[in-house]
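Residue-level listing of the chains:
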Amino acid sequence: MSSIEDLRTLRRDLHRHPEPAWREFYTTARIVDELETRPLDALYVGPEVLGEERRAVPDDADLKAWLARAREAGAREDVLDRLTGGYTGAVAVLERGEGPTIALRVDIDALPIREAEGDDHHPARAGFRSENEGFMHACGHDAHATIGIGVLDALVESDFEGTLKIVFQPSEEVIAGGEPVVAGGHLDDVDYLLAVHVGLDHPTGEVVAGVDGFLAVNHLSVAFHGESSHAGARPEGGRNANLALAAAVQNLHAIPRHADGATRVNAGVISGGTASNIVAEEAELEAEVRGETTELMEYMLAHGERVVRAAGQMHDCSVDVESVASAPSATSDPELADVVGAVASSVDGVDSILPADDLGGSEDATFLMRHVQERGGKAAYVGIGTDHPTGHHTSRFDVDEESIRIGIETLAGAITRIAAQRP
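Residues numbered from 1 in each chain as written. Predicted model: local features only at pLDDT ≥ 70, side-chain atom pairs only at ≥ 80, totals over all residues. Heavy atoms only, no water.

**Some remarks on helix α3 (residues 60-72)**
- With 13 residues, α3 ought to run about 18 Å at 1.5 Å a step, and its terminal C-alpha atoms sit 18 Å apart, in line with that.
- Among all positions of α3, only Leu63, Trp66, Leu67 and Ala70 are buried. In a view along the axis of α3, the buried residues occupy a sector of 105 degrees, so they form one face of it. Facing away from the buried side of α3 by over 90 degrees, the exposed positions are Ala61, Lys64 and Glu72.
- The inward-facing, buried residues of α3 abut α2 (25-35) and α4 (77-82). (Helix = DSSP H or I, 4+ residues; strand = E, 2+ residues; numbered from the N terminus. Expected span 1.5 Å × (residues − 1). Buried < 20%, exposed > 50% of the residue type's maximum accessible area, 1.4 Å probe, protein only. Arc of directions from axis to C-beta. Contact = heavy atoms within 4.5 Å.)

**Examining the pairing of strand β4 (residues 162-169)**
- The buried fraction of β4 is high, at eight of eight residues.
- Across seven bridges, strand β2 (residues 90-96) lies against β4 in antiparallel orientation. Counted as the bridge partner of Val93 is Lys165 from β4.
- Across seven bridges, the pairing between strand β3 (residues 101-107) and β4 is parallel. Paired with Ile102 across the two strands is Leu164, which belongs to β4. (Pairing = 2+ DSSP bridges.)

**Here we look at the nonpolar core**
- Formed by 57 residues in total, the largest nonpolar core has its most connected members in Leu104, Val151, Phe168, Leu194 and Ile415.
- Here this core gets nine residues from one element, more than from any other, and that element is helix α12 (residues 402-421).
- The next biggest cluster of nonpolar side chains, apart from the first, holds 30 residues, and it includes Ala42, Val211, Phe214 and Val372. (Core = buried A, V, L, I, M, F, W, Y, C linked by side-chain atoms within 4.5 Å.)

Structure follows, in structure tokens:
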């Protein structure tokens, strides 16, 4: 079993090799390396974890490039062979006699952000800055995966009675991994589910026992198709896709907010055209809508789709709209949050416990939470505070590695108590 120093080494290795959604090849292989040394009753890898249908999967060339990068970094060939097509992730199962089935979900993917290089950034100073330039663990998923391994170790050596499943979920950052994990069937017999996230603007030593306030979200990919022409000699001969895109961006942000709760919209990525003297034939937009409830998100989605289609019609362009990924809202069960809070109160280093707090963002752990709850189980999303110098999704994000120990002790203790008390 791993010491805290071993776990710190694992976290830093994962930090050096960040991989984006559906390309977590090295990450999955490294996790499998660790899991295979533990006394598991079952280990499911890649396609054994996921349902067949996935969204936001990159093209074959991109997948092959990341597979080659993982191979060069030393990932085991036999594991990589099992991940063909971007079927990443793992589920570890530990059976310890009679008792409920409890799952812990940790996510493992990284973000397309170039990591800071200066001496004021700890990973750079300490020698574990990202080696995959342009990508980094800017949200703490390297710590999450490490916590998953640590919780497994703690329960192997504890008096836990029941079945434990650790779900190492891919593709959270694009809201695309949770749904196929549910479709994979490993949560169908789960009585209790905990999910975890570090930070969330809470300091080291603070634990949020049950996070709520998840915004339902839908990611849209929009393509406008017009007709090119010479912008000087024959401007009237073109159908300008860039103008359609511009109208769509402006009017997306004009969708009326709803009185029933929080709603959000963002035009995040726009591109179009080929030269200043050519009327743009093609333009593309990536956008998202969110809502405090799934119904509010669907309100924003319906208006968003209407806006982009109307923008295309206004400028005589055809429009293709695709819903790339989505996640519903969810609520933590207070019975589980109470157990987490009670356990955290006795964990060394915890000096503040919040019964609840709003996430204020989106997370596809909601798919897992709702699936368990709809089948009669309970679920909670736990926040483990960590000092981070900047916000999540920034080039200088980092975690206080002391929070990894706090997370392991809090979650392992909570799982053991949940199994005994069955709240």
